[in-house]
Number of protein chains: 2
Amino acid sequence: MFSPLINELIAALRILPGVGPKSAQRMALHLLERDREGASRLSTSIAESLTRVGRCEQCRNLSEQSICSICANPRRDNQLLCVVESPADVIAVESSGTFNGKFFVLHGKLSPIDGIGPAEIGMAELEAIFSERKPREVIIATNPTVEGEATAHYIVEKARQYSIKVSRIAHGVPVGGELEYIDGTTLAHALNSRREI
Amino acid sequence: MFSPLINELIAALRILPGVGPKSAQRMALHLLERDREGASRLSTSIAESLTRVGRCEQCRNLSEQSICSICANPRRDNQLLCVVESPADVIAVESSGTFNGKFFVLHGKLSPIDGIGPAEIGMAELEAIFSERKPREVIIATNPTVEGEATAHYIVEKARQYSIKVSRIAHGVPVGGELEYIDGTTLAHALNSRREI
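Let me sum up the structure you'll find in this document. (Residues numbered from 1 in each chain as written. Chains lettered and ligands numbered in written order. Predicted model: local features only at pLDDT ≥ 70, side-chain atom pairs only at ≥ 80, totals over all residues. Heavy atoms only, no water.)

## Observations concerning the overall build of chain A
- In terms of regular secondary structure, chain A is built from 8 helices and 6 strands.
- What you see for chain A is a C-alpha radius of gyration of 21 Å, clearly larger than the 16 Å of a compact globule of 197 residues, by over 25%.
- C-alpha extents for chain A along the principal axes are approximately 65 × 45 × 35 Å.
- Residues counted as buried form 46% of the 197 residues belonging to chain A.
- Restricting the contact set of chain A to residue pairs at least 6 apart, pairs at least 24 apart contribute 51%.
- Carbon and sulfur atoms provide 52% of the accessible area of chain A, an area that totals close to 10700 Å². (Helix = DSSP H or I, 4+ residues; strand = E, 2+ residues; numbered from the N terminus. Rg over C-alpha atoms; globule rule 2.2 N^0.38 Å. Buried < 20%, exposed > 50% of the residue type's maximum accessible area, 1.4 Å probe, protein only. Contact = heavy atoms within 4.5 Å. Areas by Shrake-Rupley, 256 points an atom, 1.4 Å probe, with all protein chains shown as cover.)

See below:
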């Protein structure tokens, strides 16, 4: 019922995660009716990001520099490496405020059924770090899903070949969570990883 | 914690209605990591819409043509005019499937406190339609808010000057709604506008 260009804008907005037909329509009308300046800024920003944002040569995180600000920071521990699945996970770990090492971003997880093997998640680059930088410890922070665990296992095997200490972040009851609402698998993890006090 | 360009992209995405900091971050990473093609399409689509989409000269609805497809449609009743606040309302009325007249889009409602007077909502254009096209009936479909009612009242006064019949869409219990959950004002409207059966 809209004109073709507006329909195309609505369709284009639907590629955003969590945006359905109604939200897309609302967004399109908002951009065209109420915030043309913001819309223009958004269009430019997307275009510029697409052209200039690539991957950090060391950690594979998204960055417009060839070496990202974390990798370039001389005050961060070069011998401590945290392996995560995505750039969002880097932010999550950073927000904990307790990690001062470097990262390695897989951009995925091993999933043969989707055609994602070691090459797609940068295993060659990770192995190069293992052999050249020889980290003191590798912390694996992939998600506790089947693929995440398989990826973790694969990295553990690789790290052992270089005699590097490997650890996995703890899985258990979230701080502030109530036992009543925690699923059985998480509780099983929490019980098995219990610590003496 | 992101690089400057990604931070700018996240900030730019936040102009979209209903998008908070977390969603904007998720959208930015989605665009850069998983759907660069879609992102490029979105950027182009926004830019093109901004350049080409303006207002229909007759009904003020958003359109890339000078006369929109509804106004240009010879099979629509030119003597029946529905006045709505926004392009989204045109879609809403169209989806009812029972209206075959033309529209007039105010792009707002009278709100002196926000500096929105008759000129801002196209009253001169509406009066021109009243005097030239002389519609048989004007249906006022502004929202039942204080400003919407004030706007409706203003239009009624204008239409009376040209001896045009004016009507207001009915306000009452939505079809499928349950009395129990309807607010008092709506029920008062529904009772006052009751029809003999």
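## Here we look at the sheet that holds strand S5 (residues 137-140) of chain A
All names here are of chain A.
- Reading across from one edge, S4-S3-S5-S6 is the order of the 4 strands in this open sheet, with parallel pairing throughout. Each edge of the open sheet carries a strand with a single partner, namely strand S4 (101-105) and strand S6 (165-168). For this sheet, the mean inter-axis angle between neighbouring strands, taken without regard to orientation, is 25°.
- With 4 bridges connecting them, S5 and S6 associate as parallel partners. Residue pairing across strands places Glu137 opposite Lys165, the latter belonging to S6.
- The strands touched by helix H7 (residues 146-161) are strand S3 (77-84), S5 and S6; relative to S6, the strand with the most contacts, the crossing angle is about 165°. (Pairing = 2+ DSSP bridges. Axes fitted to C-alpha atoms, helices over the stretch in contact; angles between N-to-C directions.)

## Here we look at the pairing of S4 of chain A
All names here are of chain A.
- Within S4, 5 of the 5 residues are buried, which leaves it mostly tucked inside the rest of the structure.
- Pairing of S3 with S4, which is carried by 5 bridges, proceeds in the parallel orientation. Within the sheet, the bridge partner assigned to Val83 lies in S4 and is Phe104.
- Regarding the hand of the β-α-β motif, the stretch spanning S3, helix H5 (residues 87-96) and S4 is right-handed. (Right-handed = clockwise from strand over helix to strand, strands pointing away.)

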